[in-house]
Amino acid sequence: MAKRVKQLHDVVVRIAGDSGDGMQLTGDRFTSETAAIGNDLATLPDFPAEIRAPAGSLPGVSGFQLHFADHDILTPGDAPDVLVAMNPAALKTNLGDLREGGTLIVNRDAFTERNLQKAGYPANPLEDGSLEGYNVHAIPLSSMTVEALKGIDGVTPREAERSKNFFALGLMSWLYGRPVETTLEFIHRKFAKRPEIVEANARAFKAGWAYGETSEDFVVSYEVQPARLPPGSYRNVTGNQALSLGLIAASVKSGLPLFLGAYPITPASGILEELARHKRFGVRTFQAEDEIAAVGAALGASFGGALGVSTSAGPGVVLKAETVGLAVALELPLLILDIQRAGPSTGMPTKPEQADLLMVLFGRNSESPVPVVAAATPGDCFEVAVEAARIALKYRTPVYLLSDAYLANGSEPWLLPDVDSLPDIAPEFATEPNADGAFHPYLRDAETLARPWALPGTPGLEHRIGGLEKQDVTGNVSYDPDNHDRMTRLRAQKVAGIASDIPELEIDDPSGDAELLVLAWGGTYGPVAAAVRRVRASGWKVAHAHLRYLNPFPRNTGEALRRYDRVLVPEMNLGQLRKLVRAEFLVDAVGYNRVRGQPFTSAELADAIGALL
């Protein structure tokens, strides 16, 4: 008898288990299958900093959340509708997030006395009635996987048991009508060097699918129709992938070779790894011995005529500060990508935060202003990378680009852009003397205040570089007080003048008479926009604005903020943008601030907005 298929508009699924047991791989595959169907989606990987945390421990739980829908969505979801818990620790750390009445699929084999003790359970929750508020499916995932893999030469029972993540993936793929062929092809590519592992994982995946199809435990499967998205070619992309592709696009559109100087650090390492795959575009990646060497090499590449880029997270960006100050004095283009994480110090390396704003604005000695831009979504990282490069090349300045762990590891469908529509950002190099047969390296462009960019070795354009203050126009070393004052002001004016070259701040205010403006930046875009939707659906009038440019602010920012009686600034810090808004525009903004190492939920932000209204 065929099982009933129920139509759903959206689903939030979370898969959780031991770090190192393939939870991220399972989530990635389920996401890829979902993207292939055409659903809109958003993901939230959540994993510990340890490569292999203690098995069965609460800190060692790794999770992956996926929200997919037949319509436009903005977040990975506030609460899962379905939780797959591979052991007691995964259940203990994630059950509180599962919505009331949600579906709970657990690996019954893992609920041994030892594992229950590790997770801090005094009794087995599968037997004590504590899960009565959920739709529970206790499945012997481990033993069924081992049984399905019997007879495969070269696969031990322990290795067979490790394939249980593919059994779970097969079950979830049946439950939500995900395709089979693409995952089987992935298994053959991923494990091609070990045919026995290919067979094991493929068998486990098929066994999970067959269990869902034949078991009386599941009487309904679910279907989510493709979303109606703008026409075009899409791919699923993480923020780090989009940043990498944006840097490559900027390299192509500028005509400059891309040089990345980087030291591995979570969560920025993915950019180094991604760019290393694209040598055919002339990309050069350099894994330095430390953060200072990495940014020094990137600045040297810029001096030599390349698009110099250095990536890091908060602790590494601290170490790069002196070289960024040197780039300010030299007035050379340089991109510094700060993929923010929870701190201070090592903090929580795999968790998101957006608390580096004041550091990138002011964390250098003396007066050393630099432009700062921030990405809003994983896909937006591409556009922001191109824009950061445009500003750096046009104005001869280092530029900070802010992302965070939430954007870096999260993914969404990304509409591939028309390459011809991307701006031409090719710089003009100095090729001849610019003042009566002489070359003056600080003779500025009247509009941008940018100085000439002369490549080393160009005949007749030899000039002095270094960190000592330069004389205006000539570039000679100068200790003249008035000259230093002038150069300081010129560098500040150059950055401030970028405001005339960026879009004005857009305010989403459908009624035009909202009294409250919600102002946000960075990776909070999705939860904030979703919260605004919720509040408006309840009949309240609220405006929303999201800042991409944080230095300088868009030229209409002050005017826009003063139109509203109240301004709410949600941030994953203790109020850094709010501090700037109050100081710059004398607007009495209020903040909603959390630093939990987790992204905001739309529900909590909707409550905060409602409280002000």
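As shown above, the structure is provided for reference.
Numbering of residues starts from 1 in every chain and runs along the sequence as written. In keeping with the model being predicted, local features are shown solely for residues with a pLDDT of at least 70 and side-chain atom pairs are shown and tallied solely at 80 or more, while totals for entire chains, interfaces and linings include all residues. The side-chain figures draw on all heavy atoms in the structure; neither hydrogens nor water molecules are used.

Trainee: What is the right way to read the nonpolar core from this model?
Mentor: Here is a general trend for soluble globular proteins: nonpolar side chains tend to be buried in one another's company. If you look at the biggest cluster of nonpolar residues, it comprises 93 residues, and the most contacted ones within it are Leu247, Leu307, Leu335, Leu337, Leu519, Leu550 and Leu577. Non-local contacts of Leu519, meaning those with residues more than four positions away in its chain, are made with Leu505, Ala545, Leu547, Leu561, Val567, Leu568, Val569, Pro570, Leu577 and Val581. Among the nonpolar cores identified, the runner-up in size contains 40 residues, and Val13, Phe167, Tyr176 and Phe218 belong to it. Put simply, a nonpolar core is a bunch of buried Ala, Val, Leu, Ile, Met, Phe, Trp, Tyr and Cys residues held in one set by side-chain atoms that sit within 4.5 Å of each other. Only protein chains enter the accessibility calculation, which uses a 1.4 Å probe; a residue is then buried when its area is under 20% of its type maximum, exposed when over 50%, and partly exposed in between. Working rule for contacts: check all heavy atoms of both residues, and any pair within 4.5 Å makes them a contact.

Trainee: Hey, could you run me through the side chain of Asp70 in this one?
Mentor: Inspection of the secondary structure puts Asp70 in the loop between strand S4 (61–69) and strand S5 (82–85). His is not counted here, nor are the chain ends, while Lys and Arg score as positive and Asp and Glu score as negative. Any Lys or Arg side-chain nitrogen found within 4 Å of a carboxyl oxygen on Asp or Glu counts as a salt bridge. Buried charge without a partner: Asp70 forms no salt bridge, and the closest opposite charge is Arg228, 8.5 Å away. Separated by 2.9 Å, the side chains of Asp70 and His9 make a polar contact. At a separation of 2.8 Å, a polar atom in the side chain of Asp70 contacts the side chain of His71. Discounting residues that sit within four places of it in the chain, Asp70 has contacts with Leu8, His9, Val224, Gln225, Pro226, Ala227 and Arg228. Strands are runs of DSSP state E lasting at least two residues, helices are runs of H or I lasting at least four, and both sets are numbered from the N terminus onward. Counted as a polar contact is a pair of N or O atoms within 3.5 Å, where, for protein atoms, one must be capable of donating a hydrogen and the other of accepting one, and residues adjacent in sequence contribute only when both atoms are in side chains.

Trainee: Quick question: what am I supposed to make of the pairing of S5 here?
Mentor: Every other side chain in a regular strand lies on the same face of the sheet, so the side chains alternate between the two faces. Covered by surrounding structure in S5 are Val82 and Val84 together with Leu83 and Ala85, the residues of both alternating faces. In this sheet, strand S6 (residues 103–107) lies alongside S5 in parallel orientation, the contact comprising four bridges. Bridge pairing in S6 places Leu83 opposite Leu104. The crossover handedness rule: strands pointing away from the viewer, path from first strand over the helix to second strand clockwise, crossover right-handed. Where the polypeptide runs from S5 across helix H2 (residues 88–94) and back to S6, its parallel neighbour, the crossover connection is right-handed. Two strands are said to pair when DSSP picks up at least two bridges between them.

Trainee: Got a minute to help me understand unusual backbone geometry in this structure?
Mentor: In this model, Gly343 is joined to Pro344 through a cis peptide bond whose omega is 5 degrees. By the element assignment, Pro344 lies in the loop between strand S13 (334–340) and helix H13 (357–362). The omega torsion across Asn551 and Pro552 is -5 degrees, close enough to zero to call that bond cis. A positive phi is found at Leu586, a non-glycine position, where the angle reads about 55 degrees. Along the polypeptide, Leu586 turns up in the loop between helix H19 (576–585) and strand S21 (590–593).

Trainee: Quick question: what am I supposed to make of the pattern of salt bridges here?
Mentor: For side chains bearing opposite charge, pairing can occur when the charged atoms are close. What the rule picks out here adds up to 28 salt bridges. Glu383 is the salt-bridge partner of Arg548, the closest N and O atoms lying 3.6 Å from each other. Separated by 165 residues along the polypeptide, Arg548 in the loop between strand S18 (543–547) and strand S19 (549–551) and Glu383 in helix H14 (residues 380–395) bring together distant segments of the chain. The exposure class of Arg548 is partly exposed, given its relative accessible area of 23%. Residue classification places Glu383 among the partly exposed positions, given a relative accessible area of 48%.

Trainee: Explain the sheet that holds S13 to me, please; I cannot follow it from the model alone.
Mentor: Hydrogen bonds between backbone atoms are what pair the strands of a sheet, whose relative direction is either parallel or antiparallel. Across the sheet, seven strands lie side by side as S11-S10-S12-S13-S15-S14-S19; this open sheet has mixed pairing. The open sheet is flanked by strand S11 (284–287) and S19, the only strands paired with a single partner. Across the sheet, the axes of successive neighbouring strands diverge by a mean angle of 20 degrees, strand direction being ignored. As paired strands, strand S10 (residues 258–262) and strand S12 (residues 307–312) are joined by five bridges and run parallel to one another. In the strand pairing of S12, Leu260 is matched with Val309. Convention adopted: a line fitted to C-alpha atoms gives each axis, helices being fitted over their contacting stretch, and angles between N-to-C directions are expressed from 0 to 180 degrees.

Trainee: What am I meant to see in the environment of Ala408 here?
Mentor: Mapped onto the elements of the fold, Ala408 is located in helix H15 (residues 405–409). For Ala408, a relative accessible area of 2% translates into the label buried. Separated by 323 residues in the primary sequence, Ala408 and Ala85 place their C-alpha atoms 25 Å from one another. Setting aside its immediate chain neighbours within four residues, Ala408 contacts Thr238, Gly239, Asn240, Pro267, Ile339 and Ser403.

Trainee: Help me out: how do you make sense of helix H6 (residues 164–175) in this one?
Mentor: The α-helix winds at 3.6 residues per turn, so residues separated by three or four positions along the chain end up facing the same way. The end-to-end C-alpha distance of H6, which contains twelve residues, comes to 16 Å, matching closely the 16 Å that a straight helix rising 1.5 Å per residue would cover. Among the twelve residues in H6, twelve count as buried, and that is most of the element. Taken as a whole, H6 has its buried residues at Lys164, Asn165, Phe166, Phe167, Ala168, Leu169, Gly170, Leu171, Met172, Ser173, Trp174 and Leu175. One or two steps after H6, the chain reaches Gly177, where phi turns positive at roughly 60 degrees. Given the number of residues in a helix, its expected span is that number minus one, multiplied by 1.5 Å.

Trainee: Is there a simple way to explain a nonpolar patch on the surface in this structure?
Mentor: A contiguous nonpolar patch, built from Leu468, Val477 and Tyr479 and spanning about 330 Å² of accessible area, is present on the exposed surface. Of note, Leu468 is situated in the loop between strand S16 (411–415) and helix H16 (481–496). Taking the relative accessible area as the measure of exposure, Leu468 reaches 46% and is therefore partly exposed. For patch building, the residue pool is restricted to those with more than 30% relative accessible area and no salt bridge; the joining distance is 9 Å between like charges and 5 Å between nonpolar side chains (Val, Leu, Ile, Met, Phe, Trp, Tyr). Using the Shrake-Rupley algorithm and a 1.4 Å probe, accessible areas are obtained, with residue cover drawn only from the displayed protein chains.

Trainee: What is the right way to read the packing of H6 against helix H8 (residues 195–214) from this model?
Mentor: The packing of two helices is summarised by the inter-axis angle and the distance between the axes. Axis separation between H6 and H8 bottoms out at 6 Å; the angle between their running directions is 40 degrees. Classified by the angle between their axes, H6 and H8 sit oblique to one another. In the crossing of H6 with H8, the sense of the turn from one axis to the other is right-handed. Along the contact surface, H6 presents Phe166, Phe167, Leu169, Gly170, Leu171, Ser173 and Trp174, while H8 presents Asn201, Ala204, Phe205, Ala207, Gly208, Trp209, Tyr211, Gly212 and Glu213. Any residue outside Ala, Val, Leu, Ile, Met, Phe, Trp, Tyr, Cys, Pro, Asp, Glu, Lys and Arg is labelled polar, Gly included; the first ten of those are nonpolar and the last four are charged. A per-class count over the contact of H6 with H8 returns ten nonpolar, five polar and one charged. Each angle receives one of four descriptions, namely roughly parallel if under 35 degrees, roughly antiparallel if over 145, roughly perpendicular if within 65 to 115, and oblique otherwise. Helix crossings get a hand from a simple test, with the near helix turned counterclockwise from the far one by less than a right angle marking a left-handed crossing and a clockwise turn marking a right-handed one.

Trainee: Could you clarify how one ought to interpret the sheet that holds S21 in this entry?
Mentor: Sheet architecture is open: four strands sit in the order S18-S17-S20-S21, paired in parallel fashion. Pairing within the sheet leaves two strands with one partner each, and these edge strands are S18 and S21. Each strand axis lies, on average, 25 degrees off the axis of its neighbour in the sheet, ignoring direction. Both strand S20 (residues 566–571) and S21 contribute to a ladder of four bridges, which runs parallel. Bridging across to S21, Pro570 finds its partner in Tyr592. Sheet strands touched by helix H17 (residues 525–537): strand S17 (516–521), S18 and S20. Its angle to S18, the strand with the most contacts, is close to 175 degrees. Taken strand by strand, H19 contacts S17, S18, S20 and S21, and its axis lies near 150 degrees from that of S20.

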